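# Structural characterization, general
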Amino acid sequence: MNPTLSPQEIFANCERAVPALRREPASERKKRLNSLRRWIHDHRSDIHEAVFADLGKPPLETDATEIFHVLNEIKVAVRSLREWSEPKQMPTPFYMAGTQAWIQCEPKGVCLITATWNYPFSLAVGPMVSALAAGNSIILKPAEATPSVSALIKRMCSEIFDPSIATTCEGGVEVSQALLALPFNHIFFTGSTGVGKIVMKAAAEHLSSVTLELGGKSPAIICGSANINDAAERIAVGKFVNNGQTCIAPDYILVDEKIADDFVRTLISKTGKLFSAEGDFQTSPSYGRIVHTAHFARVRNLILDAVDAGATIGWQGPYDQRSRFMHPVILTHVPPGCRLMQEEIFGPVLPVISYHDLRDAIRIVNEKPKALALYVFTSSEKVRDQVLRETSSGTACINDCAIQFLHHNLPFGGINSSGIGKSHGHFGFLAFSNQKAVLKQKKGFTSVKLFYPPYTSRSRRIMDWFLRLF
Ligand code: NAD
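This report concerns the structure included in the present document. What you see is a predicted model, and the numbers here were worked out from it, not measured in a lab. (Residues numbered from 1 in each chain as written. Predicted model: local features only at pLDDT ≥ 70, side-chain atom pairs only at ≥ 80, totals over all residues. Heavy atoms only, no water.)

## Section: helix α6 (residues 147–160)
The end-to-end C-alpha distance of α6, which contains 14 residues, comes to 20 Å, matching closely the 20 Å that a straight helix rising 1.5 Å per residue would cover. Of the residues making up α6, those classed as buried are Val149, Ser150, Leu152, Ile153, Met156 and Cys157. Buried residues in α6, looked at end-on, bunch into an arc of 165°, giving them a common side. Lining the buried residues of α6 we find α2 (26–42), α3 (44–55), α5 (122–133), β4 (137–141) and β5 (166–168). (Helix = DSSP H or I, 4+ residues; strand = E, 2+ residues; numbered from the N terminus. Expected span 1.5 Å × (residues − 1). Buried < 20%, exposed > 50% of the residue type's maximum accessible area, 1.4 Å probe, protein only. Arc of directions from axis to C-beta. Contact = heavy atoms within 4.5 Å.)

## Concerning the sheet that holds strand β3 (residues 110–114)
Across the sheet, 6 strands lie side by side as β5-β4-β3-β6-β7-β17; this open sheet has mixed pairing. Edge positions in the sheet fall to β5 and β17 (419–420), since each has one partner strand and no second. The pairing of strand β6 (residues 186–190) with strand β7 (residues 209–213) spans 5 bridges and is classified as parallel. By the bridge assignment, isoleucine 187 is partnered in β7 with valine 210. Strand contacts of α6: β4 and β5, with the helix running at about 150° to β5, the strand carrying the most contacts. Strand contacts of helix α7 (residues 173–180): β3, β4 and β6, with the helix running at about 155° to β4, the strand carrying the most contacts. (Pairing = 2+ DSSP bridges. Axes fitted to C-alpha atoms, helices over the stretch in contact; angles between N-to-C directions.)

## Overview of the environment of proline 91
Its location among the elements puts proline 91 in the loop between β1 (88–90) and β2 (100–107). Residue classification places proline 91 among the exposed residues on the basis of a relative accessible area of 73%. Each C-alpha atom of the pair proline 91 and lysine 30 lies 30 Å from the other, and the pair is 61 residues apart in sequence.

## Digging into unusual backbone geometry
Note the cis peptide between proline 453 and proline 454, where omega equals 5°. Here proline 454 lies in the loop between β18 (433–440) and α15 (457–468). The backbone of glutamate 278 shows a phi angle near 50°, a positive value even though the residue is not glycine. Along the chain, glutamate 278 turns up in the loop between α10 (260–275) and α11 (293–308). Look at glutamate 278 and you get exposed, because its relative accessible area is 86%. You will see that histidine 424, though not glycine, has its phi angle at about 85°, which is positive. Looking at the element boundaries, histidine 424 is found in the loop between β17 and α14 (425–431).

## A look at the packing of α2 against helix α4 (residues 59–85)
Taken N-terminus to C-terminus, the directions of α2 and α4 make an angle of 165°; their axes are 10 Å apart at the nearest point. Compared by their axis directions, α2 and α4 come out roughly antiparallel. Our pair here, α2 against α4, has a crossing hand that is left-handed. Of the residues in α4, those in contact with Ala26, Arg29, Lys30, Leu33, Asn34, Leu36, Arg37, Ile40 and His41 of α2 are Ile67, Val70, Leu71, Ile74, Ala77, Val78, Leu81 and Ser85. Class assignment for the residues of the contact of α2 with α4 results in 11 nonpolar, 3 polar and 3 charged. (Parallel < 35°, antiparallel > 145°, perpendicular 65-115°, else oblique. Left-handed = near helix turned anticlockwise from the far one by under 90°. Nonpolar A, V, L, I, M, F, W, Y, C, P; charged D, E, K, R; others polar.)

## Quick word on the site of the ligand
Among the 27 residues in the neighbourhood of the ligand, the closest are listed as Trp117, Ser176, Ser192, Leu214 and Glu344. A distance of 2.7 Å separates an oxygen atom of the ligand from a polar atom in the side chain of tryptophan 117. Between glutamate 144 and the ligand, the recorded distance is 2.9 Å, taken from a side-chain N or O atom to an oxygen atom. Protein contact buries 87% of the 850 Å² of open area that the ligand shows by itself. Put simply, the parts of the chain that give the shell around the ligand at least two residues each are α7, β6 and α8 (193–206). When the residues that make up the shell around the ligand are grouped by side-chain class, the tally is 13 nonpolar, 10 polar and 4 charged. (Near = heavy atom within 4 Å. Polar contact = N/O pair within 3.5 Å; in protein donor to acceptor, adjacent residues only side chain to side chain. Areas by Shrake-Rupley, 256 points an atom, 1.4 Å probe, with all protein chains shown as cover.)

What follows is the structure, given as structure tokens:
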């Protein structure tokens, strides 16, 4: 945190910037976004280094999963900002004849963005793009578990933004709590469901609006009609990129028992080809690390607990807590009550459960809290529609994994325990905007006057006629 200013003082500075930000034309916001874009291009290797230092993430993976997303968000916002910010005329219902109505997006004001560590650059800077596009002043708290990226984001903000427009508060839970006590106009939180509830309680104190980007157990259903090679390869990428520390990674697999053995064999072979260097994951430049030793121990305990409960290890290899290296692990015959099937895994461990009837798979999904993402691999449109209709999740993807995140015309977010509100592209802009409803009345006689008091038998007759129209 800025050593000289308290969170209250930082907040007060931001509040002072709000009136000027409201008056600003869209072109000023675009300038700000373009300077962010330039900084990212100029410091791409700094971002690679910081993400590698914190997560051991290969630079190309950082380009694909951190930098591309933010640059794309900027590009879409700059291109569309005028259209998004212009008042949107709305059609007039007949009973309001003579009026004009429009929706005018205005900045919410001072916004808090709290990010987590698994994509420490894009989860902090992505929402910042939406908040800046919408004309807000921002306090950003990067994730404390990824200190190199946190320091880099702080440097970035100080180099390109006036601190009253975008500033960074680094630190852990205590900083987060101090910030949450302030009357933000909007809070955009990314993290766990448990902390999401704490954030929502704090927001309730000031009735701050919230976007909660949370997690949970995202299932992947592999149906009998799926192309096993494609499904295994795409699951391998969705699961083992970033060492399984992806909010929309497939958390567990439900596979038709007719193809289960074949699928597991293919998944192992594809994962090896994609992520290991001639069979060795530990020396592979394409395979990441777990963020810190406490998280490593947690994931390891999930495996041990499942094995104790009767799960079978389908695939494993060496692990090293000191360097936070964990070989991919596949478990089968996992009992439904064990922690591995109850908690979000968030690591390179994949339980594979076979089902006899698709309805059983759907029942297993529906017994759990609603997921952030659901994947179904099938060549049957009927099966696809059945799964989409009979389950509920924030997002869904057919015959691939995780790529729905990258489609900027789709809203991204969860439902209930996997999240509240949506982000990305126009949806992100709307999350940080108040959609003000404006109605302009004409002079003289208006249709609404027909119902003004005093209430006479004439106005009663008009009302009786009017209600019959509905
Ligand atoms: P977390 O919830 O522990 O921490 C996130 C942020 O909350 C941190 O900045 C931390 O300082 C703050 N925090 C932690 N405890 C707090 C408290 N008691 N009071 C106030 N603030 C507190 O995050 P995590 O569990 O390490 O992150 C992983 C989770 O995030 C997973 O569940 C994952 O699915 C989810 N996630 C979701 C998305 C998404 O876009 N939906 C993206 C990435 C991760």
